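One-letter residues, chain by chain:
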Amino acid sequence: GAEALLRWQARDGSLVSPADFIPVAEDSGQILAIGKWVLRAACLQASAWREAGHAVVPLSVNLSPRQFHQSELFALVEQTLREAKLDPQLLKLEITESVMMEHQDDVAATLRHLAVLGVKASIDDFGTGYSSLSYLRRLPVADVKVDRAFVRELTSSSEDAMVVDAVIRLAHALGLEVTAEGVETEAQLRLLVEQECDRIQGYFVSRPVPPEQFERFLEPGWAMPL
């Protein structure tokens, strides 16, 4: 799979971190236009890979709180998928815990509509917010992503290792899959395998790369280096 990541290239050629420009976009309202562009670009890219004969991969796109709560979200997702001619099951929308906790009935209704369409939802940065068992039980989400803050010290902190193990066990008990974020070392990977984590992402696999460089992962026979 892949996750669409946004970077802002400054005039001097340097890359501005999303941690710096996303809050500004949220406050100014520009996040809606940016988010619409990202969703469309990501779906068109996934469709282009398929048409080029590459392996079909699920694609994750992050939604900001303002994006998720806009009334046109369902129509936007449906229209974008139709335009890109992309199978809805190949799109996963990542939403933070804070979004899940606001207006839970409305959130549940939106997620159910998306699920009927075939689009999956994922809880991003799990463990850093409310981590309420109620929404995990009530809301139609496919998986949770363990925040990198826990994965970073996974092999050196028994407390963090226990937290990650508990999240994995809890998610599996509820029928959810788990992705560990921020995996950077083979030791972290091996421990996550022992804990039966379903997926990983992070620098151990690859740093963020442009679409044309990502295509090397879609070549037949590619395997994660161990």
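Refer to the structure above for everything that follows.
Here goes a summary of the coordinates provided.

The rules we used
- Residues numbered from 1 in each chain as written.
- Predicted model: local features only at pLDDT ≥ 70, side-chain atom pairs only at ≥ 80, totals over all residues.
- Heavy atoms only, no water.
- Helix = DSSP H or I, 4+ residues; strand = E, 2+ residues; numbered from the N terminus.
- Buried < 20%, exposed > 50% of the residue type's maximum accessible area, 1.4 Å probe, protein only.
- Contact = heavy atoms within 4.5 Å.
- Polar contact = N/O pair within 3.5 Å; in protein donor to acceptor, adjacent residues only side chain to side chain.
- Expected span 1.5 Å × (residues − 1).
- Salt bridge = Lys/Arg side-chain N within 4 Å of Asp/Glu carboxyl O.
- Arc of directions from axis to C-beta.

If you trace the backbone, Ser122 turns up in strand β6 (residues 120-126). Its relative accessible area of 0% is what places Ser122 among the buried residues. Considering only alpha carbons, one finds Ser122 and Leu191, 69 residues apart in sequence, at a separation of 23 Å. Those residues within four positions of Ser122 in sequence are excluded, and the remaining contacts are Lys92, Leu93, Glu94, Ile95, Asp143 and Lys145. Separated by 2.8 Å, the side chains of Ser122 and Asp143 make a polar contact.

Next up on the list: helix α6 (residues 104-117). When the terminal C-alpha atoms of α6 are compared, their 20 Å separation across 14 residues agrees well with the 20 Å that a helix rising 1.5 Å per residue should span. Directly after α6, the chain includes Gly118, whose backbone phi takes a positive value near 110°.

One pass over the structure, following the stated rule, counts 10 salt bridges. With a shortest N-O distance of 3.1 Å, Glu3 and Lys145 are connected by a salt bridge. Placement of the pair is Glu3 in strand β1 (residues 2-3) and Lys145 in strand β7 (residues 143-146), with a sequence separation of 142 residues. Classification of Glu3 by relative accessible area gives partly exposed; the value is 21%. The exposure class assigned to Lys145 is buried, which follows from its relative accessible area of 2%. Here Glu94 ties to Lys145 by a salt bridge, and the two come within 2.8 Å at their closest N and O atoms. Taken together, the residues Glu94 in strand β5 (residues 91-96) and Lys145 in strand β7 connect sequence positions 51 residues apart.

This part covers helix α4 (residues 73-84). The end-to-end C-alpha distance of α4, which contains 12 residues, comes to 16 Å, matching closely the 16 Å that a straight helix rising 1.5 Å per residue would cover. Buried within α4 are the following residues: Leu73, Leu76, Val77, Thr80, Leu81 and Ala84. Down the axis of α4, the buried side of the element spans an arc of 125°, and every buried residue falls inside it. Where the residues of α4 are buried, they touch α2 (31-51), α3 (65-68), β5 and α6. Just past α4, the residue Lys85 takes up positive phi, approximately 55°.

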